[in-house]
Amino acid sequence: MSDARRIAWLLAAWAVFLGVYAGVSFYLKPGPSLSAFGDIVQCFVPLIANAGLLINAGTPHWRRNIFWMLLALSCSMWMMGQFEWTYYEIYLHREVPDPFAGDIIFFLRGIPLIAALALRPHLKRDELRMGLGYLDFALLLTWWTFVYAFFVLPWMYVSYSDALYNYAYNVLNTVQQLVVMVGFGLFWLGTRNAWRTVYAYLFCASALYMLGSLTTNVAISRHDYYTGSWYDLPLLSVFFLYGLAGFVAFQKRKQLDLPADGSISGGAESAGRGNVWASRLAMGAVLSLPLFALYAMHLEHDTQVIRDFRLTLTLVAAVPLVLLVFLRTHLADKDRALLLARSESSIENLQRLQTQLVQSEKLISLGQLAAGAAHEINNPLTAILGYSDLLADDPALPDRARTTAGKIREQARRTRSLVQNLLSFARQVPPERTLLDINSVISNAVQLRALDLHTGGPRIETDLESVLPGVRGDHNQLMQVFFNIVNNGLDAMGDGSGGVMTIKTLRDRGSVVILFSDTGPGIKEPHRVFDPFYTTKPVGKGTGLGLSICYGIVQEHSGKILCYNGQTGGAVFRVELPAVLAVLPSKSTVPPSAAPVSSKQS
């Protein structure tokens, strides 16, 4: 069944329900039976709205969840007020008093609606300013509650006046509902896609509630209202529209993730404008307190008791408002300090990146020269290998001369292998996933790094398992990973320290594991070694990008890379790559003397 057909069936069912309610109201006439029927129905109709609203409260978007829960809270508060109304009419069997103490619940149900408007779930706002926005909203809510107490409560608890109470309550309640209606109306006109449809239903619900509530309050003041009358039909329909809005949002939940304002940048700009207006309104709310006090002292012409009540209320309201202002100032200063720290870090990283780019251009030029020189070396090496082969295989030469020629051939082949590895490492080729022997890749990386080792300095030892399953990957990229890890380990041990870098390969279930351990001082912050621009090397020797690039390459190969300090000292890097054929028995993979501290933090 399509979404439009479901909505049509729901509308038809609700029309039947309203017809039944109107028929019962016409048939029973005003009396205890009709009051009991109307009260019971109105107590449980908000549950329909909550059922439709709360099905949207389980999404990964927490602001959207709170938005729907606030709407449901508003319906629940209305239901609480209706339960109190029912208590008088059904349990106590007497008319609801006027003024009604539960009116404050009906009034305060608009506060969760205003809170839902402040969330604006269709926008993706910067988390840095969310706290300030909520404080601005808390200021406004505190001020609005103060306004209600300032104008309405004196005629209820200080100097009772039925007419003045109803007038003040109806005016404030209408203003509040007008704010909610205008808010949803602006969202309806300013959004696109599924959000526009959802806000259209919410706008209709808020407009219908404002008109129905105003009509009902006027009827109560004229003593024309009775429970179960046709005045209840608009209010009952309000909760159906709230539930229908939630149902439509649930049906279109995937579309709600699309931009609601028709542009990518519009959401951030709109959120910024909203924060500015919220701050201005909060500031105006605080500055208005002296005006209320002046009004109570000099402008109004009520009794001294009411003036004293309003002045006392103004002083009491100033305490939480001032505290919220100080808290907002503190958070604003904290956010500014955080923004300054982020800016300084960004500028520092940008400067380092610019320096690295300049250095990279130099290294590229030097690498091109080295690659060209290595290519030219291949030509005389070919001649040396050819002549050494002739000499080593010439039976006319004495044995000593042929042995010497064999040694020349062996060293020339070794030199050609090193040159080929250097050219392969420097060559820019597109990534190509092939079946690799990890031991061979490690041997090439070690052979390449061994060109820069000095006598008496750190040395490299390998413990490669003879039989390993194959790994599918790019030879150049994995050799770059192993070369960088080995290079970092040797740099950490320093020159002339006699340290040892041990490389071990083994199998672990469906993975091939490579362990790089050194006898250096270890790493102070193992959980940060894969972060970009993090380095412990002196200025000019490290950029902090090598291990971050290694992490990305291993991730692209569906593998894992860990870093931790060994129990006996030194750092350990563990690289896991998925094996193509994992049919061999597993072995222990983590040395008992060390346990992983952390992997890449995201």
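Undergrad: Pulling in residues and values, what's your account of the packing of aromatic side chains?
TA: Counted by the stated rule, this structure contains 30 aromatic pairs. With a centroid separation of 6.4 Å and an interplanar angle of 50°, the aromatic rings of Phe151 and Tyr295 are classed as tilted. Of this pair, Phe151 sits in helix 6 (residues 130–151) while Tyr295 sits in helix 12 (residues 289–299), and the two are 144 residues apart along the sequence. Classification of Phe151 as partly exposed rests on a relative accessible area of 25%. Between Tyr165 and Tyr169, the ring centres sit 6.1 Å apart and the planes meet at 20°, which makes this aromatic pair stacked. Remark: Tyr169 and Tyr165 occur in helix 8 (residues 162–190); sequence separation between them is 4 residues, near one turn of the helix. For Tyr165, a relative accessible area of 0% gives the class buried.

Undergrad: Which residues make up helix 1 (residues 3–28), and what are the values?
TA: Spanning 26 residues, helix 1 covers 38 Å between terminal C-alpha atoms, matching the ideal 38 Å at 1.5 Å per step. Along helix 1, the positions that sit buried rather than exposed are Ile7, Trp14, Leu18, Tyr21, Ala22 and Ser25. The secondary structure elements touched by the buried residues of helix 1 are helix 2 (32–54), helix 9 (193–221) and helix 10 (232–251). A positive backbone phi angle near 70° is found at Lys29, which sits one or two residues after helix 1.

Undergrad: Help me get a handle on a nonpolar patch on the surface, residues and values and all.
TA: A cluster of nonpolar side chains, Ile40, Phe44, Leu47 and Phe83, forms an exposed patch at the surface whose accessible area comes to about 380 Å². Element by element, the count of residues in the nonpolar patch is highest for helix 2, at 3 residues. For Phe83, the position within the fold is in helix 3 (residues 62–91). The partly exposed category is assigned to Phe83, whose relative accessible area is 40%.

Undergrad: Break down the pairing of strand 7 (residues 571–578) for me, with residues and values.
TA: Among the 8 residues that make up strand 7, 7 are buried, leaving the element largely enclosed by the rest of the structure. The antiparallel pairing of strand 6 (residues 560–565) with strand 7 creates a hairpin that spans 5 residues between the two strands, and Gly569 there sits at a positive phi of about 110°.

Undergrad: Outline helix 10, listing residues and values.
TA: Given 3.6 residues per turn, any residue in an α-helix points the same way as the ones three and four places further on. Spanning 20 residues, helix 10 covers 29 Å between terminal C-alpha atoms, matching the ideal 28 Å at 1.5 Å per step. Counting buried positions over the 20 residues of helix 10 gives 16, a clear majority of the element.

Undergrad: Just give me the short version of the nonpolar core, but keep the residues and values in it.
TA: Residues Phe67, Leu71, Phe146, Tyr148, Phe184, Leu202 and Tyr242 are the most contacted members of the largest nonpolar core, which totals 80 residues. Looking at which element gives the most residues to this core, the answer is helix 10, with 12 residues. Setting aside residues up to four positions removed in sequence, Tyr148 forms contacts with Asp103, Ile104, Phe107, Leu153, Tyr165, Tyr169 and Leu172. Membership of the second largest hydrophobic core comes to 37 residues, among which are Leu436, Leu490, Tyr551 and Val575.

Undergrad: So what's going on with the packing of helix 3 against helix 5 (residues 110–119)? Which residues, and what values?
TA: Between helix 3 and helix 5, whose axes approach to 8 Å, the crossing angle comes to 165°. Accordingly, the angle class assigned to the pair helix 3 and helix 5 is roughly antiparallel. Pair helix 3 / helix 5 crosses with left-handed handedness. Of helix 5, the residues touching helix 3 (which contributes Arg63, Ile66, Phe67, Leu70, Leu71, Leu73, Ser74 and Met77) are Pro112, Leu113, Ala115, Ala116 and Leu119. Its residues placed into classes, the contact of helix 3 with helix 5 shows 11 nonpolar, 1 polar and 1 charged.

Rules used in this analysis
Residues numbered from 1 in each chain as written. Predicted model: local features only at pLDDT ≥ 70, side-chain atom pairs only at ≥ 80, totals over all residues. Heavy atoms only, no water. Phe/Tyr/Trp six-rings, centres within 6.5 Å; stacked < 30°, edge-to-face > 60°. Helix = DSSP H or I, 4+ residues; strand = E, 2+ residues; numbered from the N terminus. Buried < 20%, exposed > 50% of the residue type's maximum accessible area, 1.4 Å probe, protein only. Expected span 1.5 Å × (residues − 1). Contact = heavy atoms within 4.5 Å. Patch = residues over 30% accessible without salt bridge, like charges linked within 9 Å, V, L, I, M, F, W, Y side chains within 5 Å. Areas by Shrake-Rupley, 256 points an atom, 1.4 Å probe, with all protein chains shown as cover. Salt bridge = Lys/Arg side-chain N within 4 Å of Asp/Glu carboxyl O. Pairing = 2+ DSSP bridges. Core = buried A, V, L, I, M, F, W, Y, C linked by side-chain atoms within 4.5 Å. Axes fitted to C-alpha atoms, helices over the stretch in contact; angles between N-to-C directions. Parallel < 35°, antiparallel > 145°, perpendicular 65-115°, else oblique. Left-handed = near helix turned anticlockwise from the far one by under 90°. Nonpolar A, V, L, I, M, F, W, Y, C, P; charged D, E, K, R; others polar.

Bear in mind that shape data such as this cannot, by itself, settle questions of function.
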